[in-house]
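Summary of structural features
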Amino acid sequence: MMLHIPELLSKQQVLELRQQMQPASAWINGAQSAGAQAQQTKNNLQIDTHSEVYQSISQSVLNALQHNLLLRSAALPQHILSPMFNCYQNQGNYGNHVDSAVQASSKTGQMIRTDVSITVFLSEPDEYEGGELIVEDTYGSHEVKLDAGDAILYPSTSLHRVEPVTQGSRIAAFTWIQSMVKDDWQRTMLFNLDMTILKLRQQLGDTEEVVALTSHYHNLLRQWGIF
């Protein structure tokens, strides 16, 4: 499932993050964090995770991810890795790749299975040309270019790429989530059921039928969840 999450960050939050990112010394070659295969196709800059600025801006985005109700319903997070930050400019791009199945938490060293990938756009679409995130799945290729502060969530199993940025700079945050429900199709069904229950509660209140559906949702989560 791909899901657009609008206004994960406010415009003011985006502005403050961008201001903190300005020191050129905070940026390094993005290929340093890629695997051997991905290094051949990755051409961007990333905020150095050892820099002074990183901890502050990463925690700000992590807080927003942890408290967003739509993301929590869709991804059912068990672990969210500390967000990282990249910049594409001057024809910078990232060729077709699939994210590593396992990542180490920078805080605990714990190995985290990557079920869900998320990109938070920090540049407005009119600030750069190109730079579309292309996500491929069984239904074809999906082109993503969102407003600053918006996020896109998609399965980490998806083949995806970032098209060359031909003008301006495309800045974004990105991270991975280990879900309580490993299977993407099961997560999608639970999300759709959760959204349906929410709408029915708004229309009808907690009727006997709505409570029964809520019970069904939680029993499915018990059945499919890995805790």
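Residues numbered from 1 in each chain as written. Predicted model: local features only at pLDDT ≥ 70, side-chain atom pairs only at ≥ 80, totals over all residues. Heavy atoms only, no water.

1. Description of the UniProt feature "binding site: Fe cation" (unreviewed entry) in the chain
What counts here: UniProt positions are given in the numbering used here, feature names are shortened, and annotations may be inferred rather than shown by experiment. Per the convention used, a helix needs a DSSP run of H or I reaching at least four residues, while a strand needs a run of E reaching at least two, with both numbered from the N terminus. Every residue pair with non-hydrogen atoms within 4.5 Å of one another is taken to be in contact. Residues adjacent in sequence count toward polar contacts only when both atoms are side-chain atoms; beyond that, a polar contact is any pair of N or O atoms within 3.5 Å, and within protein one must be able to donate a hydrogen and the other to accept it.
Look at the UniProt record and you will see "binding site: Fe cation" (unreviewed entry) annotated at His-97, Asp-99 and His-160. With the annotated positions falling across 64 residues, the maximum pairwise C-alpha distance of 8.7 Å places them together in a single cluster. Positionally, Asp-99 belongs in the loop between strand 7 (93-97) and strand 8 (102-104). Discounting residues that sit within four places of it in the chain, Asp-99 has contacts with Ser-117, Ser-156, His-160 and Trp-176. Within the element layout of this structure, His-160 appears in strand 15 (residues 159-162). Residues within four places of His-160 in sequence aside, it is in contact with Gly-95, Asn-96, His-97, Val-98, Asp-99, Leu-133, Ile-134, Val-135 and Tyr-154. Of note is the side chain of His-160, whose polar atom sits 3.3 Å from the side chain of Asp-99.

2. Overview of the UniProt feature "binding site: 2-oxoglutarate" (unreviewed entry) in the chain
The UniProt record annotates "binding site: 2-oxoglutarate" (unreviewed entry) at Arg-170. Examined against the element boundaries, Arg-170 turns out to sit in strand 16 (residues 165-179). Ignoring sequence-local partners within four residues, the contact set of Arg-170 consists of Asn-86, Cys-87, Tyr-88, Thr-119, Phe-121, Ser-123, Tyr-128, Gly-131, Leu-133, Val-162 and Val-165.

3. Considering the pattern of salt bridges
Rules: By definition here, a salt bridge exists when the distance from a side-chain nitrogen of Lys or Arg to a carboxyl oxygen of Asp or Glu is within 4 Å. Exposure categories follow from relative accessible area, calculated using a 1.4 Å probe and restricted to protein chains: below 20% of the type maximum is buried, above 50% is exposed, and the middle band is partly exposed.
Using the criterion set out here, one finds 7 salt bridges in the structure. Of the charged contacts in the structure, one is a salt bridge between Glu-136 and Arg-161, with a shortest N-O distance of 2.8 Å. You can see Glu-136 sitting in strand 12 (residues 133-137) and its partner Arg-161 sitting in strand 15, a full 25 residues away along the chain. Given a relative accessible area of 25%, Glu-136 falls into the partly exposed group. Measuring nitrogen to oxygen at the nearest pair gives 3.7 Å for the salt bridge that ties Glu-163 to Arg-161. Relative accessible area serves as the criterion here: at 26%, Glu-163 is assigned to the partly exposed category. Here the salt bridges do not stand alone but share partners, grouping Glu-136, Arg-161 and Glu-163 into one network.

4. Thoughts on the nonpolar core
Test applied: Think of a nonpolar core as a cluster: buried Ala, Val, Leu, Ile, Met, Phe, Trp, Tyr and Cys residues, connected wherever their side-chain atoms sit within 4.5 Å.
Core analysis: the largest hydrophobic core is formed by 40 residues, its most contacted members being Met-21, Ile-47, Phe-85 and Leu-122. Mapped onto this core, the elements with two or more residues apiece are strand 1 (3-5), helix 1 (11-20), helix 2 (52-67), helix 3 (69-75), strand 6 (84-89), strand 10 (116-121), strand 14 (151-155) and strand 16. Per-element tally for this core: the top contributor is helix 2, with 7 residues. Apart from residues lying up to four places away in sequence, Met-21 is in contact with Trp-27, Ile-47, Val-53, Ile-57, Phe-85, Leu-122 and Ile-171. Ranked by size, the runner-up nonpolar core spans 12 residues in total, among them Tyr-128, Leu-133, Val-144 and Ile-152.

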